[in-house]
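Coordinate analysis (summary)
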Amino acid sequence: MDKLPGIFIKDGADLLAAPLTQLINLSIYTSTFPDAFKIAKLIALFKKGCKTDPKNYRPISLLPLFSKIFEKVVHLQTEKFLSENNILYKNQSGFRPLHSTESCLTHLSDQILEGSDKGCHTGMILIDLQKAFDTLDHELLLGKLSLMNFSCETISWFKSYLCNRSFLVNVESSFSEPADLKCGVPQGSILGPLLFLLYINDLPQSVNDCDIRLYADDTCISYAHKMVKTIEDKLNNDFNTLCDWFVDNKLSIHFGEDKTKTILFSPKNLRKRAEPIVIKRHDVTLKQFSIVEYLGCLLDETLSGHEMALKVLKKINGKLRFLYRQGKYLNSRLRRMLCNTLIQPHFDFACSAWYPNLTKGLKKKLQISQNKCIRFCLFLGNREGIRYKHFAKINWLPVADRVYQFIAASVYKFFNKLAPIYMGEIFTKHENIRTTRSSNDSNLSIPRRRNDYGKNCLSYLGATIWNSIESSIRNVKTCNTFKHKIKYKYFENIKNREDNLYNY
């Protein structure tokens, strides 16, 4: 990588004060990060579990404001270099533009459902690392930057950024004595997550046969086959080579407290006959679960979405009860704002990964919960039916239509290069052998699927929904405009269905 150029040199006054611009440029050109910006105030952020156990707290670094400005400048240029040279592993979804937990989960669920459609089992290992950000080795990181063709000057700047760091621990307004930070990257910094991605970027090279997905330090490997024994052998081989990689890179897997675990996804007709998979590392055997949580989404053995739907219903109904208790203080505008903020995200989270496979009963329960929210926002009675006029007034689509809107938006992003590269494994553009006046080059190929597993895949649903959308909606310039237009189209469909129903 060429020496990081000083940006903001000519027109930096419009963005930053001139002295600060000069300081940033001086830092870049001298490959030096100011020592005054390397002092962090640590606060312990509780995660979950027992509050008296120090392991259940995450150390977050509060850094000087100027430090973050310096970091942001370098982060932008480093990110641009990585993108232009296609350096980061394609299935790494953490801390990257256009990537998210939703894109990672939909890619995973599509692969599992496609395997189930073909009569295959899919074995998966979810790997939990202990204090990954805090144990990153600086010398190893700098060596990896050199192998990625970062220039000597750039590596010197990162070395200056990492070394001579110190921290104070803040607990109830009391500060500890300063201590040196010998390894790791500050959690709460701007460059820390990006440096961690670079540190583990060569991890997938240690895997031979299995598919591997990363979301920062959340790692999972999977393998699909009709024979469970074959899955077990492939997973064991790659898991042990992964463990060796972690040892070589001074990272440790958390084997205790069921942190690192396995699951076997199977079609319903094969699940009872499937033998459990046994994954070992020396004398440690990983425990197999029937339900696991990955990136906040609950996955069960048949990927039915049942457990995730129950989790969503529990959260929605709990928060709605809380809002009803405060209802006398809230007008209609505040009620809708709170429902949009506190409740709607639970309906939306990775919905295209778990909603399509739900039973009709669970889909109905989710719609009933949304109807309760609408009644709360519009001051309606408990028995009043929810119709088109209510959905339009609150500007919410029914749950099923909203999921289809999300799926359509995923395809729009794919066509307009706003999605991760791996989404190209899900969607395939239709290739016309003969170009005619009626042909449409923006159609997707609809894959052949044998049963409901395959037809609930994003690859099948996405292509079916996208091909039914008019070209005038598909060809809009921005994703937000597309979402609005497809939303109005679904509203129109709801009104037409309701009109047809009452006509009879």
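Residues numbered from 1 in each chain as written. Predicted model: local features only at pLDDT ≥ 70, side-chain atom pairs only at ≥ 80, totals over all residues. Heavy atoms only, no water.

Some thoughts on helix α5 (residues 152-162)
- Residues of α5 that are buried: Thr154, Ile155, Trp157, Phe158, Ser160, Tyr161 and Leu162.
- Directly beyond the C-terminal end of α5, a positive phi value near 60° is found at asparagine 164. (Buried < 20%, exposed > 50% of the residue type's maximum accessible area, 1.4 Å probe, protein only. Helix = DSSP H or I, 4+ residues; strand = E, 2+ residues; numbered from the N terminus.)

Observations concerning the packing of helix α10 (residues 332-342) against helix α13 (residues 360-378)
- Relative orientation of the contacting elements α10 and α13 amounts to 150°, with a least axis distance of 8 Å. As summarised for this structure, α10 and α13 are arranged roughly antiparallel, according to the angle between their axes. Contacts between α10 and α13 involve Ser332, Arg335, Arg336 and Cys339 from the first element and Cys373, Phe376 and Cys377 from the second.
- The residue inventory of the contact of α10 with α13, partitioned by class, reads four nonpolar, one polar and two charged. (Axes fitted to C-alpha atoms, helices over the stretch in contact; angles between N-to-C directions. Parallel < 35°, antiparallel > 145°, perpendicular 65-115°, else oblique. Contact = heavy atoms within 4.5 Å. Nonpolar A, V, L, I, M, F, W, Y, C, P; charged D, E, K, R; others polar.)

A short note on the side chain of histidine 138
- Among the structural elements, histidine 138 can be located in helix α4 (residues 138-147).
- Separated by 2.8 Å, the side chain of histidine 138 and the backbone oxygen of glycine 184 make a polar contact.
- In contact with histidine 138, other than residues within four places in its own chain, are Leu162, Leu181, Lys182, Cys183 and Gly184. (Polar contact = N/O pair within 3.5 Å; in protein donor to acceptor, adjacent residues only side chain to side chain.)

As for the pattern of salt bridges
- This structure, assessed with the given rule, holds 15 salt bridges.
- Two residues, aspartate 348 and arginine 402, come together in a salt bridge whose shortest N-O distance is 2.7 Å. One end of the pair, aspartate 348, is in helix α11 (residues 344-348); the other, arginine 402, is in helix α15 (residues 399-415), and 54 residues separate them in sequence.
- A salt bridge links aspartate 401 to arginine 497, with the shortest nitrogen-to-oxygen separation between them at 3.7 Å. Taken as a pair, aspartate 401 in helix α15 and arginine 497 in helix α19 (residues 479-503) lie far apart in primary sequence, 96 residues in all.
- Members of the salt-bridge network, linked through shared partners, are Lys229, Glu232 and Asp233. (Salt bridge = Lys/Arg side-chain N within 4 Å of Asp/Glu carboxyl O.)

Remarks on the environment of serine 83
- Topologically, serine 83 is positioned in helix α2 (residues 65-84).
- A relative accessible area of 59% means that serine 83 is categorised as exposed.
- Considering only alpha carbons, one finds serine 83 and glycine 296, 213 residues apart in sequence, at a separation of 28 Å.

Let's talk about the sheet that holds strand β3 (residues 121-127)
- The strand order across the open sheet built from five strands is β7-β8-β3-β9-β12, with neighbouring strands paired in mixed fashion. The two strands at the open ends of the sheet, each matched to only one other strand, are β7 (211-215) and β12 (287-288).
- In this sheet, β12 lies alongside strand β9 (residues 261-265) in parallel orientation, the contact comprising two bridges. Each residue of the ladder has a partner; that of lysine 261, found in β12, is lysine 287.
- With respect to the sheet, helix α3 (residues 101-117) is in contact with β3, β7, β8 (218-225) and β9, its orientation differing from that of β7 by roughly 160°. (Pairing = 2+ DSSP bridges.)

Structural notes on the nonpolar core
- Membership of the largest hydrophobic core comes to 78 residues, with the highest contact counts inside it found for Tyr294, Leu299, Trp354 and Phe482.
- Here this core takes eight residues from α15, the largest share from any one element.
- With residues up to four places along the chain from it excluded, the contact list for tryptophan 354 reads Cys297, Ser304, Gly305, Met308, Ala309, Val312, His346, Phe347, Phe349 and Leu366. (Core = buried A, V, L, I, M, F, W, Y, C linked by side-chain atoms within 4.5 Å.)

Remarks on a positive patch on the surface
- There is a patch of like positive charges on the surface, built from Lys47, Lys48, Lys55, Arg58 and Lys131.
- Mapped onto the elements, lysine 131 comes out in the loop between β3 and α4. (Patch = residues over 30% accessible without salt bridge, like charges linked within 9 Å, V, L, I, M, F, W, Y side chains within 5 Å. Areas by Shrake-Rupley, 256 points an atom, 1.4 Å probe, with all protein chains shown as cover. Lys, Arg positive; Asp, Glu negative; His and termini not counted. Charge placed at Lys NZ, Arg CZ, Asp CG, Glu CD.)

So, the packing of aromatic side chains
- Following the criterion strictly, the structure yields 23 aromatic pairs and no others.
- On the numbers, 5.5 Å between centres and 50° between planes, the contact of phenylalanine 414 with phenylalanine 427 is tilted. One end of the pair, phenylalanine 414, is in helix α15; the other, phenylalanine 427, is in the loop between α15 and α16 (452-455), and 13 residues separate them in sequence.
- Residue classification places phenylalanine 414 among the buried positions, given a relative accessible area of 16%.
- The ring of tyrosine 161 is capped by arginine 165, whose NZ or CZ atom sits 4.4 Å from the centre of that ring. (Phe/Tyr/Trp six-rings, centres within 6.5 Å; stacked < 30°, edge-to-face > 60°. Lys NZ or Arg CZ within 6 Å of the ring centre and 35° of its normal.)

Topic: the packing of α4 against helix α6 (residues 191-199)
- At a minimum axis distance of 9 Å, the contact between α4 and α6 shows a crossing angle of 70°. On the basis of the axis angle, α4 is roughly perpendicular to α6. Residue-level inspection shows Leu140, Leu141, Lys144 and Leu145 of α4 in contact with α6, the latter providing Leu195, Leu198 and Tyr199.
- Per-class residue counts for the contact of α4 with α6 are six nonpolar, no polar and one charged.

Quick notes on the pairing of strand β13 (residues 291-294)
- Residues Val292 and Tyr294 of β13 are buried on one face, while the alternating residues Ile291 and Glu293, pointing to the opposite face, are not.
- Here β13 folds back onto strand β14 (residues 297-300) in antiparallel fashion, the turn holding two residues, of which leucine 295 has a positive phi close to 55°.

Some remarks on the confidence of the model for the protein
- Looking at the protein as a whole, its pLDDT mean stands at 89, while 94% of the residues score no less than 70.
- Long-range and interchain partners of residues 2-15, a stretch whose pLDDT sits below 50, account for 29 contacts in this model, where long-range means more than four residues apart.
- Of the regions scoring below 50 in pLDDT, residues 435-439 engages in one contact with residues more than four places distant in sequence or in other chains. (pLDDT = per-residue confidence, 0-100.)

With respect to the environment of lysine 226
- Note on placement: lysine 226 falls in the loop between β8 and α7 (228-248).
- Taking the relative accessible area as the measure of exposure, lysine 226 reaches 53% and is therefore exposed.
- Put simply, lysine 226 and cysteine 120 are 106 residues apart on the chain and 4.3 Å apart in space, counted from C-alpha to C-alpha.
- Contact partners of lysine 226, with chain neighbours within four places excluded, come to Lys118, Gly119, Cys120 and His121.

Some details on the side chain of histidine 390
- Topologically, histidine 390 is positioned in helix α14 (residues 388-394).
- Residue histidine 390 is classed as buried on the basis of its relative accessible area, which comes to 6%.
- Each residue touching histidine 390, except ones within four places of it in the same chain, is listed here: Ile374, Leu378, Leu380, Glu384 and Gly385.

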